[in-house]
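Inside the fold
The chain contents come next:
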Amino acid sequence: MPSRPPVQQPPDVRVRAPEVRVESQGPRRRSAYRGYVYVLPAFAVYFCFAVLPALHTAYLSLFEWDGVTLGDWVGLGNYQEIFQDSILRRSVLNALVLVVFFSFIPIVVGLAMTGLLARFRRPGMGAYRFLFMLPQVVPLVAVGVTWRWLYGDDGLVNQTFRAVGLDGVTRAWLGDFGAALIAVGLVGTWVLSGLCMMLFLSGVQKVDPSLYEAARLDGAGPVREFVSVTLPHLRGEIAVAMTVTTVAALASFDIVYVTTNGGPGEQTTVPGLLVYRLAFSEGKVGLAAALAVVLGCLILGIVYLINRLSRSES
């Protein structure tokens, strides 16, 4: 009887699990802290010259102080006076009116000029952009002095109306109770329209040219092309322009101080001018600090709302 061959056992194969090396988190944390070290000098300057003065202003707003003698603690009394005083309330309303002329109208004008310059390219457009941007280079004090002359009784504005036979329209624009605030607002429109245009022109550069070609092949005209292609790509630039111009309107001081100094009466008084008057002319530093705090909170609230709306639309 033949014998069976021995059964061979399979070799013992053991699979070794790969070694997992746990890297130390120390170097990563050190690199993160190193980034904060680079930011620290700029943060220190910002903290000393922005945060600390803001906190000190909020502290002074709780006192009735003339800037020389010891102040008296009044708590929220200064804030209560702001909302009860008609002149203080009127200054805030005037600033909100200026938002229309400093922000909304320049944005509309800037979009219109962007649509024209982006579609119709002609020689000399660079010089035109420079002229439109020139108000941003000229100091606002010089702008105010120039427009005060233009709005004068014998200024260029009234001379133009007389030349076309509209003598009844002429008036002392900066001294008229009904037209002074609008006249000051139009100065802001002239100053800020160029800034908005340059922001929008920079945003147009990122639009893919093939989108314009596709729109033209579909038969889109200039207006439809701008609304469907250009405008959706300018949401970020519009948010930036709205933020910058709104802050300029609410914190306006230079143009108002040079052109009208808040007159006639209190028709063009704005919070920035009133803070200057209360602190340096009337010796009401605590009330001026409270108005500055209210103005700062108003600006932060509007800027936050603009950013939220721009993010939700995007």
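We now turn to the structure provided with this report. (Residues numbered from 1 in each chain as written. Predicted model: local features only at pLDDT ≥ 70, side-chain atom pairs only at ≥ 80, totals over all residues. Heavy atoms only, no water.)

So, the overall build of the protein
When helices and strands are tallied, the protein shows 13 helices and two strands. Out of the 314 residues in the protein, the part that is buried amounts to 33%. Sequence separation of 24 or more characterises 65% of the internal contacts of the protein that already satisfy a separation of 6 or more. A total of about 20000 Å² of accessible surface is found on the protein, and carbon and sulfur atoms cover 65% of it. (Helix = DSSP H or I, 4+ residues; strand = E, 2+ residues; numbered from the N terminus. Buried < 20%, exposed > 50% of the residue type's maximum accessible area, 1.4 Å probe, protein only. Contact = heavy atoms within 4.5 Å. Areas by Shrake-Rupley, 256 points an atom, 1.4 Å probe, with all protein chains shown as cover.)

As for unusual backbone geometry
The peptide bond linking G263 to P264 adopts the cis configuration, its omega dihedral lying at -5 degrees. The topology assignment puts P264 in the loop between helix 11 (254-259) and helix 12 (271-280). For N261, which is not glycine, the phi dihedral falls at a positive 55 degrees. Relative to the helices and strands, N261 is located in the loop between helix 11 and helix 12. With a relative accessible area of 38%, N261 lands in the partly exposed category.

Here we look at a nonpolar patch on the surface
Nonpolar side chains collect at one region of the surface, where Y38, V39, L40, F43, Y46, F47, L52 and L55 lie side by side and expose about 870 Å² of accessible area between them. You can see V39 is positioned in helix 1 (residues 26-60). (Patch = residues over 30% accessible without salt bridge, like charges linked within 9 Å, V, L, I, M, F, W, Y side chains within 5 Å. Salt bridge = Lys/Arg side-chain N within 4 Å of Asp/Glu carboxyl O.)

Focus on the packing of aromatic side chains
For any pair of aromatic rings, the description rests on two quantities: the centre-to-centre distance and the angle between the ring planes. By the definition in use, this model includes 10 aromatic pairs. Here F63 and W73 contribute two aromatic rings whose centre-to-centre distance is 5.3 Å and whose plane-to-plane angle is 85 degrees, an arrangement assigned as edge-to-face. On the criterion of sequence distance, the pair formed by F63 in strand 1 (residues 63-64) and W73 in strand 2 (residues 72-73) is long-range, its members being 10 residues apart. Relative accessible area serves as the criterion here: at 15%, F63 is assigned to the buried category. (Phe/Tyr/Trp six-rings, centres within 6.5 Å; stacked < 30°, edge-to-face > 60°.)

Considering the pattern of salt bridges
Under the counting rule described, the total for this entry stands at five salt bridges. Here E282 ties to K284 by a salt bridge, and the two come within 3.9 Å at their closest N and O atoms.

Points about the packing of helix 7 (residues 180-204) against helix 10 (residues 235-250)
Orientation of helix 7 relative to helix 10, taken along the N-to-C sense of each, is 160 degrees, at an axis distance of 9 Å. Considering the angle they form, helix 7 stands roughly antiparallel to helix 10. Considering how the two elements wind past one another, helix 7 and helix 10 form a crossing that is right-handed. Each of L192, L195, C196, L199, F200 and G203 in helix 7 lies in contact with helix 10, whose residues at this interface are E237, I238, V240, A241, V244, T245 and A248. Looking at the contact of helix 7 with helix 10 residue by residue, the classes come out as 10 nonpolar, two polar and one charged. (Axes fitted to C-alpha atoms, helices over the stretch in contact; angles between N-to-C directions. Parallel < 35°, antiparallel > 145°, perpendicular 65-115°, else oblique. Left-handed = near helix turned anticlockwise from the far one by under 90°. Nonpolar A, V, L, I, M, F, W, Y, C, P; charged D, E, K, R; others polar.)

Some details on the packing of helix 5 (residues 140-150) against helix 7
With their axes 11 Å apart at the nearest point, helix 5 and helix 7 run at an angle of 130 degrees to one another. Comparing their axes, helix 7 and helix 5 come out oblique. Considering only the axes of helix 5 and helix 7, their crossing is right-handed. In this structure, helix 5 contributes L140, V143 and W147 to the contact, and helix 7 contributes V187, W190 and V191.

Observations concerning the nonpolar core
One broad trend across soluble globular proteins is that nonpolar side chains are buried collectively. If you look at the biggest cluster of nonpolar residues, it comprises 28 residues, and the most contacted ones within it are L98, F102, W147, Y151, V187 and L250. In terms of residue count, the dominant contributor to this core is helix 7 (seven residues). The contact partners of W147, leaving out residues within four places of it in the chain, are V187 and W190. If you look at the next biggest cluster of nonpolar residues, it comprises 13 residues, including I107, F200, V229 and I238. (Core = buried A, V, L, I, M, F, W, Y, C linked by side-chain atoms within 4.5 Å.)

Quick look at the environment of V293
For V293, the position within the fold is in helix 13 (residues 285-313). Sequence separation between V293 and Y59 is 234 residues; the distance between their C-alpha atoms is 10.0 Å. Excluding anything up to four places from it in sequence, V293 contacts T57, A58, S61 and Y79.

Details of the side chain of T245
The residue T245 is located in helix 10 in this model. With relative accessibility at 1%, the residue T245 sits in the buried group. Here the side chain of T245 touches S103 through a polar contact of 2.9 Å, side chain to side chain. Beyond its immediate stretch of four places on either side in the chain, T245 contacts F102, S103, I107, L192 and C196. (Polar contact = N/O pair within 3.5 Å; in protein donor to acceptor, adjacent residues only side chain to side chain.)

Quick word on helix 10
Count 3.6 residues to each turn of an α-helix, and residues three or four apart come out pointing the same way. When the terminal C-alpha atoms of helix 10 are compared, their 22 Å separation across 16 residues agrees well with the 22 Å that a helix rising 1.5 Å per residue should span. Turning to helix 10, its buried residues are E237, I238, A239, A241, T243, T245, T246, A249 and L250. (Expected span 1.5 Å × (residues − 1).)

Just geometry here; none of it tells us what the structure is for.
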